[in-house]
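Each chain, written out:
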Amino acid sequence: MLYKKYLRKEILFSIALVLVSFLVVFTFFDFIEELRKIGKGNYGLHQALIFEGLKIPGLCYELVPIATLIGTLYALVNLARLSEITILRAAGVSTKELLVTLLSMGSLLVFLTFIFGEVIVPFCENKAQNIKNTALEKIIAQVGFESGLWIKDNNNFINIRRANPNGILEQIRIYKFDDNNRLVSVMDSEQGEFNQQQNLWELKQNTITTLEQHNKAKISKEKTIFWQTNLNPKLLNVMIVAPEKMSLFELLDYRKHLKNNKQKTDRYDIAIWKKITYPFSILVMITLALPFAFMSNRMATGVSLKIFIGVMLGIIFYALNGLFSNLGMIHSWHSFASATTPSIIFLGIALYMLYRVEKI
């Protein structure tokens, strides 16, 4: 019907306007922060601009639900102010029909957001971190340790002091343990390069310290050693991207690696559920915005106040998302609950508001 096309056009335009405004503001402040790093290593203004440009898709993915809430609320309140919502109601369009119309539009946004988060965001985020780390001459995943990157692979503990974005490892130390968790040997390698054809690492300039009985150690040197392991450049590249910015496939693959090595997967479990459910929070935000269109006809409150409430609700939703994810990791809550609780809370508020509006 004609009114449905009109509603969709008005709301989608408002959402796009809000989203672009948010992106401009957030990107500007991020760029100001990035300016502090210019001059370190080979990191210049050109690299900073490219880095910030590649970060925009990830920022867009995070802000879409909030932009949907504020944009939908703004469009609906404006339509109500012009009595267009009242005309629709008088013409026999029920609250349920309006909600179904908005949710059908939201379903398209959900689909696009999911595809965007699966394809574009991981690619751009990986590219951005590679450009920055190459320019700053940093290892690809410091993970907060000055000693470099630590990885567990079966009975081996691997320390990589430097892992370049081009897939070459430098200053590698491999601690090998037996099934009784006793240290068997320590191998130091100057450099490691992955052989794609044979699916193994070629380690160069190796010094092997083997622990023998009676507290004796044997030291040997090997120019080249071929090292078979589950660790590959793909897994290393995954580590440079925050779990929330990975694709679902990458998350499942890395979670499997952690599970096989009996490591905690809480953070990645939560990220997997958030990846699946986060786009659907768009539908929650649309449902939450709808009651404001009816309230404006009955309450002496202006458009500005409604927009302010929308902004505050968006900020609260954004904060709760981060809060519940962190609390879920700290307290080992169920990953599904940690990922979906904010959306469930806001859905409950939205349904209650719709119920109250219908009763007034």
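Scroll up for the structure.
Just so we're clear, the structure is a prediction, and the values are computed from it rather than from any experiment.

## Examining the sheet that holds strand E1 (residues 149-153)
Link 1 in the chain: Taken in spatial order, the six strands make up an open sheet running E1-E2-E3-E4-E5-E6, and their pairing is antiparallel. Either end of the sheet is taken by a strand with one partner, and the two such strands are E1 and strand E6 (216-227). Taking each pair of neighbouring strands and ignoring which way they run, the sheet shows an average axis angle of 20°.
Link 2 in the chain: In the sheet, strand E5 (residues 200-212) pairs with E6 via 11 bridges, with the strands oriented antiparallel. Counted as the bridge partner of Glu212 is Lys216 from E6.

## Some words on the side chain of Asn78
Link 1 in the chain: Residue placement: Asn78 occurs in helix H2 (residues 45-81).
Link 2 in the chain: According to the relative accessible area criterion, Asn78 is buried, its value standing at 16%.
Link 3 in the chain: A distance of 3.1 Å separates the side chain of Asn78 from the side chain of Arg81, its partner in a polar contact.

## Focus on the environment of Glu170
Link 1 in the chain: With respect to the helices and strands, the residue Glu170 is situated in strand E3 (residues 168-177).
Link 2 in the chain: Between the C-alpha atoms of Glu170 and Gly192, which are 22 residues apart in sequence, the distance is 6.3 Å.

## Focus: unusual backbone geometry
Link 1 in the chain: For Asn181, which is not glycine, the phi dihedral falls at a positive 60°.
Link 2 in the chain: The residue Asn181 is located in the loop between E3 and strand E4 (183-195) in this model.
Link 3 in the chain: The phi dihedral of Ser332 falls on the positive side, at around 55°, and the residue is not glycine.
Link 4 in the chain: Following the sequence through the fold, Ser332 ends up in the loop between helix H9 (303-331) and helix H10 (335-359).
Link 5 in the chain: The exposure class assigned to Ser332 is partly exposed, which follows from its relative accessible area of 45%.

## Examining the pattern of salt bridges
Link 1 in the chain: Summed over the entire model, instances satisfying the criterion amount to 10 salt bridges.
Link 2 in the chain: For Lys55, the salt bridge identified is with Glu125, shortest N-O distance 2.8 Å. Of the two residues, Lys55 is situated in helix H2 and Glu125 in helix H4 (residues 95-136); the sequence distance between them amounts to 70 residues.
Link 3 in the chain: A single network of salt bridges, built from pairs that share partners, joins Lys55, Glu62, Glu125 and Lys245.

## Regarding the nonpolar core
Link 1 in the chain: Core analysis: the largest hydrophobic core is formed by 53 residues, its most contacted members being Leu76 and Phe346.
Link 2 in the chain: Those elements giving two or more residues to this core turn out to be helix H1 (2-34), H2, helix H3 (84-90), H4, helix H8 (281-298), H9 and H10.
Link 3 in the chain: Broken down by element, the residue count for this core peaks at 15 residues, all from H2.
Link 4 in the chain: Residues Trp201, Ile225, Leu235 and Val241 belong to the second largest nonpolar core, which totals 27 residues.

Rules used throughout
- Per chain, residue numbering runs from 1 following the sequence as it is written.
- In keeping with the predicted nature of the model, local features appear solely for residues at pLDDT of at least 70, side-chain atom pairs appear and are counted solely at 80 or more, and the whole-chain, interface and lining totals rest on all residues.
- The basis for every side-chain value is the complete set of non-hydrogen atoms in the structure, without hydrogens or water.
- At least two DSSP bridges between two strands are needed for those strands to be called paired.
- Helix and strand assignments follow DSSP, with helices taken as H or I runs no shorter than four residues and strands as E runs no shorter than two, numbered in order from the N terminus.
- Lines fitted to the C-alpha atoms define the axes, with helices restricted to the stretch that makes contact. Angles between their N-to-C directions range from 0 to 180 degrees.
- Each residue is placed in one exposure class: buried if its accessible area under a 1.4 Å probe, protein chains only, is under 20% of its type's maximum, exposed if it is over 50%, and partly exposed if it falls in between.
- Here a polar contact means two N or O atoms within 3.5 Å. Within protein one must be a hydrogen donor candidate and the other an acceptor candidate, and residues neighboring in sequence count only if both atoms are side-chain atoms.
- We count a salt bridge whenever a side-chain nitrogen from Lys or Arg sits within 4 Å of a carboxyl oxygen from Asp or Glu.
- Grouping buried Ala, Val, Leu, Ile, Met, Phe, Trp, Tyr and Cys residues that are joined through side-chain atoms within 4.5 Å yields what is termed a nonpolar core.

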